[in-house]
Amino acid sequence: MSRKSFENIELETVANSGSNYGHEKFHAGIPPFLKGPYSTMYLTRPWTIRQYAGFSTAEKSNKFYRSNLKAGQKGLSVAFDLATHRGYDSDHPRVAADVGKAGVAIDTVEDMKILFDKIPLDKMSVSMTMNGAVLPIMAFYIVAAQEQGVSINQLSGTIQNDILKEFMVRNTYIYPPKESMRIIGDIFKYTSLKMPKFNPISISGYHMHEAGANAEIELAYTLANGLEYIKKGIEVGMKIDDFAPRLSFFWGIGMNHIEEIAKMRAGRILWAKIVKKFNPQNPKSMMLRAHCQTSGWSLSEKDPYNNVSRTYIEAMAAVLGGTQSLHTNSLDEAIALPSENAAKIARNTQLFIQNETNICNSIDPLGGSLYLEKLTNNLVQKSWNLIEEVENQGGMIKAIELGIPKMKIEQAAAKRQANIDSGKEKIIGLNAYLSSEDRDIDTLVIDNEKVKLNQINRLKKIKLNRNSENVNESLLNLTKAAKNDTGNLLELAVQAARERATLGEISNALEKEFGRYKASIKTISGVYSTEIMDDKEYIKAIGLAEEFESIVGRRPRIMVSKMGQDGHDRGAKVVATSFADIGFDVDIGPLFQTPKEVAKSAVENDVHIIGVSSLAAGHLSLIPELFNELKNLKRDDVMVIVGGVVPKKDYETLFNMGVAAVFGPGTIISKAAQEIIQIMIQGLKINE
């Protein structure tokens, strides 16, 4: 007897005890590192507790870091705000709602010095999640360390610097792929020569996982990106052993417990296979070291205390799979930015596992399980087929240009959403075992205006006190190097940072030559409807869409929009494809729009509804601006709805602004469609 998992893997109810997949003989610490990258794994040293955090100002983030380090955290993992990610200073008009919201605002070296005040950078490992504005952030970190009295060859940690996945899922890019890859090559060269303890890239599957990729897709496309980075390192004149030992990876860990463990083991086998083709002389070149983060997508807004259990289960999978460091998500992250109390519970979850379970006393504790070995083998085979497909297209950059990875991830996300909406996939407290109790929890609130004014004032002071001639010369050198393909861009960025050039100025100096990348928006159709066609709520939603069309003479038309600098578009894309399958005409606005641009586009497309997707807590600033712009265009009849990570306490405020409906994480899309159409039909009847 057998059945299939969501990932279409046969799950045998009675395992074949004679199975031999050929990988069982592999050990820890020896290529291909099936059981772990190190021979003793956690016996001599447990994984690093590395909580990802950063919010508001550098001062507040520094205080939070020092408190966590005192309480048992062993490494820092810095979250930057969206303005910083996208290469804008805090005084830029496009980022007014984003400053300090989803991470810490960093505009100059002075902010970075405050961020790491009284934190010895020669002793503390620092991980920084930065891709688009990687040059100024790395430059600020280097100069801040030097001005702290630390030699850069003592710096240890990781910069994410994984730009290829940004073009697939997360979208916090600045420059086009080719130019972005040049930056990565220069960072490889600089760190190889001057920062031997620092990892110049963390190749990330996490954001693919969060965007809806299943395990085989996350594995394949992450490793295919890694292969592209290896090619780049060799292209710029480095030998494989010069940089491969310092490459690291970043996995998302979800609720499919055993498969997540298998994914990490399969990843190590596949990476060793990829690197071996480049004839490394150092076995460490084939070693896949990984940071893991529990899933944010799996967290539920409803009955949020269930999220503590989810995070524990996911953390256990990361540990049993052999992670080198781990971030555990907070119970409130489906609602708002993590509160201090929720962050403490998340951190302590790791302390419990390290100190109260004895798991650290075993290497690859579940190795040998017939089920685990079967899943490991299946993932090795299926992921390798996808990697070969990418290579046959000419590599990952070509595949990205063709839109293949993005399409497959979005198809997987739509399929999964349909399975959740129909109840085929159970989510406790959402579509199964529902609680009648509505429990409020305290959430963190960032005063965006206060943070922005603080940053703008500091920027003004720095610009007044610096040598403008030296700054301009350093920026001109960057632009010339970008144009002529000369010099090392990171080295030149360090010189500009030392002169107190800002993040926006350094980014713009490169943008003058490289340009700013704009993605083409494509949608898929038919995936959601194929999975859910017999569901009664879906059928009811289609009926209401047809009723609206019979009354108005055309289908309900919605424009799905992202405002501000948040590039996470899983929710927006899933809503777009699902609503189209239900019977809506759907327009998707470009990423990173201002309220004025959204209103103009909505009027030009003559939509009935604007659906605003919010994730980075900018809704209270952006929605009023949107209403003002619609009013200016004399189209305040357009209905506005909001979906995404919105705290319950903000609902009433949004309703008072004029928002017609708010849909939080875990919303059943077919029911949301019904509610929207019913509101519109009711409005038509009132106006008759």
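This text goes with the structure placed above it.
None of the values given here were measured: they were computed from a predicted structure.

Chemist: Even after reading the chapter, I still don't get the overall build of the protein chain, so can you show me in this structure?
Modeler: In terms of regular secondary structure, the protein chain is built from 26 helices and 17 strands. For 688 residues, the compact-globule formula gives about 26 Å, and the C-alpha radius of gyration of the protein chain, at 25 Å, lands near that figure. Summarising its shape, the C-alpha atoms of the protein chain cover approximately 75 × 75 × 50 Å along the three principal directions. Sequence-distant contacts, at least 24 apart, represent 79% of the contacts inside the protein chain between residues at least 6 apart. Here the protein chain contributes 82 positive and 81 negative side-chain charges, whose respective centroids are spaced 5 Å apart.

Chemist: Is there a simple way to think about the sheet that holds strand β11 (residues 290–294) in this case?
Modeler: Paired through their backbone hydrogen bonds, the strands of a sheet run either parallel or antiparallel. Across the sheet, five strands lie side by side as β3-β12-β11-β10-β9; this open sheet has parallel pairing. Two strands lie at the open edges of the sheet, namely β3 (48–49) and β9 (201–204), each paired on one side alone. Note that β11 and strand β12 (residues 325–327) share three bridges and pair parallel. Paired with C292 across the two strands is L326, which belongs to β12. Helix α10 (residues 257–276) rests against β10 (247–253) and β11 of the sheet, and its axis sits at about 155° to β10.

Chemist: I tried to follow the environment of I441 on my own but got confused; where do I start?
Modeler: Within the secondary structure, I441 is located in the loop between α15 (404–421) and α16 (448–465). Between the C-alpha atoms of I441 and I261, which are 180 residues apart in sequence, the distance is 32 Å. The contact partners of I441, leaving out residues within four places of it in the chain, are P304, Y305, L331, D332 and I335.

Chemist: I tried to follow the sheet that holds strand β17 (residues 661–663) on my own but got confused; where do I start?
Modeler: What the five strands build is an open sheet, ordered β14-β13-β15-β16-β17; its pairing is parallel. Each end of this open sheet is capped by a strand with a single partner; those strands are β14 (585–588) and β17. Taking the axes of each pair of neighbouring strands and ignoring which way they run, one obtains an average angle of 20° across the sheet. Summarising the sheet, strand β16 (residues 639–644) and β17 pair through three bridges and their orientation is parallel. Across the sheet, the residue bridging to V642 is V662, located in β17. Packed onto the sheet, helix α22 (residues 570–582) meets β13 (557–561), β14 and β15 (609–614) and runs at close to 160° relative to β14.

Criteria and cut-off values
Residues numbered from 1 in each chain as written. Predicted model: local features only at pLDDT ≥ 70, side-chain atom pairs only at ≥ 80, totals over all residues. Heavy atoms only, no water. Helix = DSSP H or I, 4+ residues; strand = E, 2+ residues; numbered from the N terminus. Rg over C-alpha atoms; globule rule 2.2 N^0.38 Å. Contact = heavy atoms within 4.5 Å. Lys, Arg positive; Asp, Glu negative; His and termini not counted. Charge placed at Lys NZ, Arg CZ, Asp CG, Glu CD. Pairing = 2+ DSSP bridges. Axes fitted to C-alpha atoms, helices over the stretch in contact; angles between N-to-C directions.

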